[in-house]
Amino acid sequence: MSLDLKEYPEIIIYMGESIDGKGSGEMFLVPESQPGSKYYWDNEYSFDCKSIIMGRTTFEEVLGEDKNKKIDYTGISTDNIEKKDFLSELRKKTDYYYICLDKNGKLPWPNGYGLYAPFLGRTQETHIITILSEDVDLKYLAYLQKIGVSYIFAGEKNIDLKMAMK
């Protein structure tokens, strides 16, 4: 069985990680890692990349102190919330995207936007899209809709990347 590649986006896999396999963390702050880190980000930008996909744990690093924030579900109703893809109107403001693999829906996003690599002085607004499994709570979906985070479903209990890319 062959894949019809026209059904999928063009994906360039370009990773920077430490010896222990982590893609973020204090390793990027060590002076010896700076040349490699700078090379990674300078070249990543040269690909005219419009999105970055990372897992929940890596995005927790991006969120910094916000990662420990508890989601406040006060006043959030699950009326009219269904487990189907949601595309926020905020996405129309930019063509840059942070895509997060968060199968159970745990990240406490502050809003539907991030800044693309702000530590490099970049100020490109980036819309957030979360890829979820169907095992997510309806309250989390209502929360994402309220703050303007888009989401898609790709699998029942785990994320099926092939499905997500379609």
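Quick caveat: nothing in here was measured; it's all calculated off a predicted structure.

1. Structural notes on the overall build of the chain
Part 1 of the argument: Helix and strand counts for the chain come out as 4 helices and 5 strands.
Part 2 of the argument: Listed N to C, the secondary structure of the chain is α-β-α-β-β-β-α-β-α in terms of helices and strands.
Part 3 of the argument: Sorting the 166 residues of the chain into buried and exposed places 35% on the buried side.
Part 4 of the argument: Look at the contacts in the chain between residues 6 or more apart in sequence, and 68% of them connect residues 24 or more apart.
Part 5 of the argument: Just so you have it, the chain exposes about 10800 Å², and 52% of that area is on carbon and sulfur atoms.

2. Details of the packing of aromatic side chains
Part 1 of the argument: Under the counting rule described, the total for this entry stands at 4 aromatic pairs.
Part 2 of the argument: Relative to tyrosine 143, the ring of tyrosine 73 lies with its centre 6.3 Å away and its plane at 75°, an arrangement referred to as edge-to-face. With tyrosine 73 in the loop between α2 (56-63) and β2 (97-101) and tyrosine 143 in helix α3 (residues 138-147), this residue pair connects regions lying 70 residues apart in the sequence.
Part 3 of the argument: According to the relative accessible area criterion, tyrosine 73 is partly exposed, its value standing at 28%.

3. Re α3
Part 1 of the argument: Along α3, the positions that sit buried rather than exposed are Tyr140, Leu141, Ala142, Tyr143, Leu144 and Ile147.
Part 2 of the argument: One side-chain oxygen of the residue at the start of α3 lies 2.6 Å from the amide nitrogen of lysine 139, identifying that residue as aspartate 137.
Part 3 of the argument: Glycine 148 lies just past α3 and shows a positive phi near 90°.

4. Digging into the environment of glutamine 145
Part 1 of the argument: In this structure, glutamine 145 sits in helix α3.
Part 2 of the argument: Not counting the four nearest positions on each side in its chain, glutamine 145 is found in contact with Ile81, Phe86 and Tyr151.

5. Thoughts on the side chain of threonine 130
Part 1 of the argument: With respect to the helices and strands, threonine 130 occurs in strand β4 (residues 125-132).
Part 2 of the argument: The exposure class assigned to threonine 130 is buried, which follows from its relative accessible area of 0%.

6. Quick notes on the pairing of strand β1 (residues 51-55)
Two faces belong to every sheet, and in a regular strand the side chains alternate between them.
Part 1 of the argument: Here β1 shows a buried face lined by Ile52 and Met54 and an unburied face lined by Ser51, Ile53 and Gly55.
Part 2 of the argument: Pairing geometry for β1 and β2, over 5 bridges, is parallel. If you follow methionine 54 over to β2, its bridge partner there is cysteine 100.

7. Quick word on the pairing of β2
Part 1 of the argument: Relative to β4, β2 runs parallel, the two sharing 5 bridges. When the sheet's bridge partners are listed, leucine 101 is paired in β4 with isoleucine 131.

8. Focus: unusual backbone geometry
Part 1 of the argument: Here the phi dihedral of asparagine 80 falls at roughly 65°; this positive angle occurs in a residue that is not glycine.
Part 2 of the argument: For asparagine 80, the position within the fold is in the loop between α2 and β2.

9. So, the nonpolar core
Part 1 of the argument: Grouped together as the largest cluster of nonpolar side chains are 24 residues, with contacts concentrated most on Trp109, Leu132, Tyr140, Tyr143 and Leu144.
Part 2 of the argument: Within the residue set of this core, elements represented by two or more residues are β1, α2, β2, β4, α3 and β5 (150-153).
Part 3 of the argument: Broken down by element, this core gets its largest block of residues, 6 residues, from α3.
Part 4 of the argument: When sequence neighbours within four positions are dropped, the list of residues in contact with tyrosine 140 reads Ile71, Tyr73, Asp102, Gly105, Lys106, Leu107, Trp109 and Leu132.
Part 5 of the argument: Within the second largest apolar cluster, 6 residues are counted, among which are Ile131, Ile152, Ala154 and Ala164.

Here is what the cut-offs are and how they apply
Residues numbered from 1 in each chain as written. Predicted model: local features only at pLDDT ≥ 70, side-chain atom pairs only at ≥ 80, totals over all residues. Heavy atoms only, no water. Helix = DSSP H or I, 4+ residues; strand = E, 2+ residues; numbered from the N terminus. Buried < 20%, exposed > 50% of the residue type's maximum accessible area, 1.4 Å probe, protein only. Contact = heavy atoms within 4.5 Å. Areas by Shrake-Rupley, 256 points an atom, 1.4 Å probe, with all protein chains shown as cover. Phe/Tyr/Trp six-rings, centres within 6.5 Å; stacked < 30°, edge-to-face > 60°. Polar contact = N/O pair within 3.5 Å; in protein donor to acceptor, adjacent residues only side chain to side chain. Pairing = 2+ DSSP bridges. Core = buried A, V, L, I, M, F, W, Y, C linked by side-chain atoms within 4.5 Å.

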